[in-house]
Amino acid sequence: MQFDVREPELAGDAIGLSLPQFRAVEDAGRNAPTKRGLGATPEKLPAAPAHIRAGGRMMDSHGRTILDLRISITDRCNFRCVYCMEPDVQFQPRENMLTPAEIIRMARVARSLGVRKIRLTGGEPTLHPQLTDIISGIRAVTDVEIAMISNGSLLTRQKLSAWKRAGLDRMTISIDSVRIDRFARVTRSTVTPEDVIAGIEMCVAEGLTPLKLNAVLVRGQNDDEAVELARLARHFGVEMRFIEYMPLDSAHAWDRSLMVTAQETREAIEAVFALTPTNMDDAHSTARTFVFTDGAPGRIGFIAPVSNPFCGACSRLRLTADGNVRPCLFSTKEWSVMTLLRGGASDKELANFLIDVTWTKLAGHNIASPQFVQPERPMSAVGG
Ligand code: SAM
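Just so we're clear, the structure is a prediction, and the values are computed from it rather than from any experiment.

**Looking at the overall build of the protein**
In step 1: Counting its regular elements, the protein contains 12 helices and 12 strands.
In step 2: Taken across its 384 residues, the protein has 58% of its residues classed as buried.
In step 3: Sequence separation of 24 or more characterises 75% of the internal contacts of the protein that already satisfy a separation of 6 or more.
In step 4: For the protein, the exposed surface amounts to about 15,600 Å²; the carbon and sulfur share of it is 53%.

Below, the structure written as structure tokens:
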């Protein structure tokens, strides 16, 4: 299969910048020195014990097994969400990005090690001009569930239908506000909540379900919208998930006082709609889910990595768009697989690499500890 590795095209006006301004930001990003270029593994990755490598599964030293791989296919995004990416964020040079063929190969190797689910993320994955090829390529070489998370701003029935035919199983759409002024302020884009809601309707119509919606509530921004967002779950019969604001913003402006806890969000929703726990969450699930006690369709999910960490059941590994494998969202260390991929490594060597990285996974992210150090790279670069 031949893949064209052109840069994803971005619409400058979608992020409130003129195209020349946007290009200037991109150029600054490209020309900036990067600590993580090709082959920039700062330390030698220690090998996992021989019996772990021989087991052919990605197991860590705390007894957890990786079943879920999140692949960021681009670091570019057309939003600049206040809790994620500052307007002047620097992008990686395009030659540092994994090609579709490299992404597909990593997916195949991960599947051979027991991965059951792959989530395509970014940046904004729908900006990638070869997204359909990436999905169909992964589908051709694996039987994993393929999910994708998007900001929902660039969806059309035609694209969704092509992705579904290519092998996409389901979508998650992020929506942080249903009020036009708020939405613009939080996302720093000219996209409207109506645009995203139209995208949600299209996903449902296309059968890219079970559909999940994600929101991050930030104090002083959209912290009073829990109920309005919960109404989306009831209206569309989907799961609306509230993710606690995590210290993964490019501005490093996160502060605990800005975070709206899952408990607080639950109380706000329950003041209007009583909730009943489903008690059916998968052990590895990030969300604790609830149904509406009045029998309305839809669900509410709470993802509380800060107030109630779920590291003990973590089954996730992340591959960044520039070919680094991160054992944890909050890792301050990541390991470059680019050198192997572009240096003629065999599948066995790639598999051993993934096993070795998994073995380095720490027991937890330690956000609560005074020793916690925020990772240098934001969520947009890591892939949420
Ligand atoms: N562009 C896509 C989107 O908007 O969903 C995919 C990438 S985005 C980084 C993935 C998810 O990460 C989104 O649901 C977003 O709200 C969440 N996210 C980003 N920064 C976050 C932060 N600091 N804390 C919590 N969630 C965050």
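What follows continues from the structure just given.
**Here we look at the pattern of salt bridges**
In step 1: What the rule picks out here adds up to 23 salt bridges.
In step 2: Note that Asp224 is salt-bridged to Arg182, the shortest N-O span being 2.9 Å. Of the two residues, Asp224 is situated in the loop between strand 5 (212–216) and helix 8 (226–236) and Arg182 in helix 6 (residues 180–187); the sequence distance between them amounts to 42 residues.
In step 3: Residue classification places Arg182 among the buried residues on the basis of a relative accessible area of 11%.
In step 4: Across the salt bridge formed by Arg219 and Glu264, the nearest N and O atoms sit 2.9 Å from each other. In this pair, Arg219 is assigned in the loop between strand 5 and helix 8 and Glu264 in helix 9 (residues 262–270), connecting sequence segments 45 residues apart.
In step 5: Relative accessible area serves as the criterion here: at 30%, Arg219 is assigned to the partly exposed category.
In step 6: Residues participating in the shared-partner salt-bridge network are Arg179, Arg182, Asp224, Glu225 and Glu228.

**Quick word on the packing of aromatic side chains**
In step 1: The final tally for this structure, using the stated rule, is 6 aromatic pairs.
In step 2: The interplanar angle of 25° and the centroid separation of 6.1 Å between the aromatic rings of Phe242 and Phe302 together place this pair among those described as stacked. Residue Phe242 is located in strand 6 (residues 239–243), and its partner Phe302 is located in strand 9 (residues 299–303); the two are separated by 60 residues in the primary sequence.
In step 3: Note on Phe242: relative accessible area 2%, which makes it buried.
In step 4: Judged by centre distance (5.5 Å) and plane angle (70°), the ring pair of Phe290 and Phe302 falls under edge-to-face. In this pair, Phe290 is assigned in strand 8 (residues 287–292) and Phe302 in strand 9, connecting sequence segments 12 residues apart.
In step 5: With a relative accessible area of 7%, Phe290 lands in the buried category.
In step 6: Grouped by ring-pair contacts, the aromatic residues Phe242, Phe290 and Phe302 constitute a single cluster.
In step 7: Looking at Arg234, its charged tip hangs above the ring of Phe292, at a distance of 4.7 Å from the centre.

**Looking at the confidence of the model for the protein**
In step 1: Looking at the protein, pLDDT values average 89 and 89% of them are 70 or higher.
In step 2: When the criterion is pLDDT under 50, residues 1–41 qualifies, and its contacts beyond four places in sequence or with other chains add up to 80 contacts.

**Digging into the pairing of strand 4 (residues 170–174)**
In step 1: Counting buried positions along strand 4 yields 4 of 5 residues, so the element is predominantly enclosed.
In step 2: Bridge count between strand 3 (residues 145–150) and strand 4: 4 bridges; the pairing is parallel. The residue of strand 4 that forms the bridge with Ser150 is Ile173.
In step 3: Running through helix 5 (residues 157–166), the crossover from strand 3 to the neighbouring parallel element strand 4 is right-handed.
In step 4: Relative to strand 5, strand 4 is paired through 3 bridges, and the arrangement is parallel. Bridging from a neighbouring strand, Thr172 pairs with Lys212 of strand 5.

**A look at the sheet that holds strand 4**
What links the strands of a sheet is backbone hydrogen bonding, and the strands pair in either a parallel or an antiparallel sense.
In step 1: Sheet architecture is open: 12 strands sit in the order 7-8-9-6-5-4-3-2-1-10-11-12, paired in mixed fashion. Of all the strands in the sheet, just strand 7 (275–277) and strand 12 (335–336) have a single pairing partner and so form its edges.
In step 2: Of the pairings in the sheet, the one linking strand 1 (residues 68–72) to strand 2 (residues 117–121) comprises 5 bridges and is parallel in character. Within strand 2, the residue paired with Arg70 across the bridge is Arg119.
In step 3: Sitting on the sheet, helix 8 is in contact with strand 5, strand 6, strand 8 and strand 9, with an inclination near 150° to strand 6.

**Some words on the environment of Glu124**
In step 1: Residue placement: Glu124 occurs in the loop between strand 2 and helix 4 (131–141).
In step 2: For Glu124, a relative accessible area of 2% puts it in the buried group.
In step 3: Taking the C-alpha atoms as reference points, Glu124 and Gly383, 259 residues apart in sequence, are found 9.2 Å from one another.
In step 4: When neighbours within four sequence positions are excluded, Glu124 is seen to be in contact with Thr74, Arg76, Cys77, Asn78, Ser150 and Asn151.
In step 5: Polar side-chain contacts of Glu124 include one of 2.8 Å to the backbone nitrogen of Asn151.

Definitions and limits used
- Residues numbered from 1 in each chain as written.
- Predicted model: local features only at pLDDT ≥ 70, side-chain atom pairs only at ≥ 80, totals over all residues.
- Heavy atoms only, no water.
- Helix = DSSP H or I, 4+ residues; strand = E, 2+ residues; numbered from the N terminus.
- Buried < 20%, exposed > 50% of the residue type's maximum accessible area, 1.4 Å probe, protein only.
- Contact = heavy atoms within 4.5 Å.
- Areas by Shrake-Rupley, 256 points an atom, 1.4 Å probe, with all protein chains shown as cover.
- Salt bridge = Lys/Arg side-chain N within 4 Å of Asp/Glu carboxyl O.
- Phe/Tyr/Trp six-rings, centres within 6.5 Å; stacked < 30°, edge-to-face > 60°.
- Lys NZ or Arg CZ within 6 Å of the ring centre and 35° of its normal.
- pLDDT = per-residue confidence, 0-100.
- Pairing = 2+ DSSP bridges.
- Right-handed = clockwise from strand over helix to strand, strands pointing away.
- Axes fitted to C-alpha atoms, helices over the stretch in contact; angles between N-to-C directions.
- Polar contact = N/O pair within 3.5 Å; in protein donor to acceptor, adjacent residues only side chain to side chain.

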